[in-house]
Amino acid sequence: MAFVHLHVHTEYSLLDGACRINKLMQRVKELGQDAIAVTDHGVMYGVIDFYRAAKAAGIKPIIGCEVYVAPRRMQDRVHGVDNEAQHLVLLCENETGYRNLSYLVSRGFLDGFYVRPRIDLELLRQHSEGLIALSACLAGAIPRRLRAGDYEGAKQYALELEEIFGKEHFYLELQDHGLPEQREVNRGILKISKETGIPLVATNDAHYLTREDKARELVEELRADGCSAAAFQADVADGAAVAEMVRKLGETFSPVELVVNNAGVAGQSLFQDITDEMWNRYLAVNLGGARNTIKAVLPHMISEKRGCIVNISSIWGQRGASCEVAYACTKAGIIALTRSLAMEL
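Residues numbered from 1 in each chain as written. Predicted model: local features only at pLDDT ≥ 70, side-chain atom pairs only at ≥ 80, totals over all residues. Heavy atoms only, no water.

A. Seen up close, empty space enclosed by the protein. Applying the stated rule across the entire model yields 3 cavities of 30 Å³ or more. By volume, the largest cavity amounts to about 60 Å³. What lines the largest cavity is A136, C137, L138, P143, E173, L174, Q175, Q182, V185 and N186. Of all the elements in the fold, those that place two or more residues in the lining of the largest cavity are β6 (170–174) and α7 (180–196). (1 Å grid on protein atoms, 1.4 Å probe; cavity = no way out; pocket = protein on both sides within 12 Å on 5 of 7 lines; lining within 4 Å. Points joined across faces, edges and corners; volume = space filled by probe spheres on them. Helix = DSSP H or I, 4+ residues; strand = E, 2+ residues; numbered from the N terminus.)

Below you can see the structure in the form of structure tokens.
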């Protein structure tokens, strides 16, 4: 069975996607695929370029958008309640769907903008014809409810979306990027599908054409800015990808700063493919965020790595107790630092 990517972010997902349209079609052909979707965050800026490039390459273009859905109404703007919009992937089935999607995205900017361009379920009900919806990534409404332990709420929301779009026009997305929370969500998604009959679709939340692209892009951007040092953020449990970024950046910049935010349990594997030579030569690590990040990452560093610089600045989870910035330049220093924070950890 042929596979088609239905969840793809191009350079028009500003400050987020890096699948360059002019290279995307070549990559699709290399993978032996004959169709590709575009689902940029909240916008359709890249649709014309995408359509023309796909047609020129003999590839079927699937026009879409990963829209932001307001938790309540799109007119509501209460901080702490309405600023966390939920993701939903919409794909055009036909021209009517394209017109409806264009209208929805425009209304999101004109009437629903609060932090991001947002729409709501009421507007979706009025303009769902010709659209196929996917439940989106971990930031989607259904995965968020599942992660919060609200299975019934997730199930009811899924049934509501099926009612809005119609049977065979709403799909539950299954994704696996190596994240523990994704595996947890997938179990819930499978259960909902089994109990409701809502069909499944396997997607990859594609932001880069290849694993190496992230490191290459960072090097080019930093060089263009005249930087003499480099920093990048790792928030996924893909140790090989992190190591590749360290290596690529390390060829040009020294030191390289690795910022690890909200790694949680996943943080245990972030450093597994980084060699001691890479670690000692040009890698500094900045651990920031919640308490579980420090708990997950520091023990791994203590047991296997040495000679690094660790900068810890955290609010320490829900306790709200601030911690002074602390530095440790050797393995012994890290151990001493960890012991000094034992009560907090």
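Following the structure, the description resumes.
B. Highlighting the pairing of strand β5 (residues 131–134). Where strand β3 (residues 86–92) meets β5, 4 bridges bridge the pair, whose relative direction is antiparallel. Counted as the bridge partner of L91 is I132 from β5. Examined bridge by bridge, β5 and β6 share 2 bridges and lie parallel to one another. Bridge pairing in β6 links L134 to Y171. (Pairing = 2+ DSSP bridges.)

C. Quick look at the nonpolar core. Core analysis: the biggest nonpolar cluster contains 37 residues, and L90, I142 and F165 have the highest contact counts within it. The leading source of residues in this core is helix α6 (residues 151–165), at 7 residues. Aside from chain neighbours lying at most four places away, what touches I142 is S135, A154, Y157, A158, L161, F170, L172, I189 and I192. I21, L24, V38 and F50 belong to the second-largest nonpolar core, a separate cluster that totals 14 residues. (Core = buried A, V, L, I, M, F, W, Y, C linked by side-chain atoms within 4.5 Å. Buried < 20%, exposed > 50% of the residue type's maximum accessible area, 1.4 Å probe, protein only. Contact = heavy atoms within 4.5 Å.)

D. Expanded view of the pairing of β6. Summarising the sheet, β6 and strand β7 (residues 200–202) pair through 3 bridges and their orientation is parallel. Residue pairing across strands places L174 opposite A202, the latter belonging to β7. Each parallel crossover has a hand, and for β6 linked through α7 to β7 it is right-handed. (Right-handed = clockwise from strand over helix to strand, strands pointing away.)

E. Expanded view of the side chain of D205. Tracing the sequence through the fold places D205 in the loop between β7 and α8 (213–224). Although D205 is buried, it forms no salt bridge, and the closest oppositely charged side chain is R147 at an N-O distance of 11 Å. A polar atom in the side chain of D205 sits 3.1 Å from the side chain of H7. With residues up to four places along the chain from it excluded, the contact list for D205 reads H7, H9, C137, Q175 and H177. (Lys, Arg positive; Asp, Glu negative; His and termini not counted. Salt bridge = Lys/Arg side-chain N within 4 Å of Asp/Glu carboxyl O. Polar contact = N/O pair within 3.5 Å; in protein donor to acceptor, adjacent residues only side chain to side chain.)

F. Seen up close, the confidence of the model for the chain. The predicted model of the chain has a mean per-residue pLDDT of 79, with 66% of residues at 70 or higher. Across residues 262–267, confidence stays below pLDDT 50; counting only partners more than four residues off in sequence or on other chains, it has 15 contacts. Considering only residues more than four positions removed or in separate chains, one finds that residues 303–345, a stretch of pLDDT under 50, has 92 contacts. (pLDDT = per-residue confidence, 0-100.)

G. Spotlight on the packing of aromatic side chains. Under the counting rule described, the total for this entry stands at 2 aromatic pairs. Seen from their ring centres, Y45 and F109 are 6.5 Å apart, and the 40 degrees between their planes marks the pair as tilted. Taken as a pair, Y45 in the loop between β1 (35–38) and α2 (47–56) and F109 in helix α3 (residues 95–110) lie far apart in primary sequence, 64 residues in all. Exposure remark for Y45: the relative accessible area of 48% places this residue in the partly exposed category. Residue F109 is classed as partly exposed on the basis of its relative accessible area of 33%. Feature note: the residues Y45, F109 and F113 constitute an aromatic cluster, connected by ring pairs. K191 extends its terminal NZ or CZ atom over the ring of Y151, reaching a point 4.5 Å from the ring centre. (Phe/Tyr/Trp six-rings, centres within 6.5 Å; stacked < 30°, edge-to-face > 60°. Lys NZ or Arg CZ within 6 Å of the ring centre and 35° of its normal.)

H. The layout of surface pockets, seen in detail. Size it by volume and the second largest pocket reaches roughly 570 Å³. Secondary-structure elements contributing two or more residues to the lining of the second largest pocket are β2 (60–69), β3, α3, β5 and β7. Looking at which element gives the most residues to the lining of the second largest pocket, the answer is β2, with 4 residues. Of the residues belonging to the lining of the second largest pocket, the class tally is 18 nonpolar, 1 polar and 3 charged. (Nonpolar A, V, L, I, M, F, W, Y, C, P; charged D, E, K, R; others polar.)

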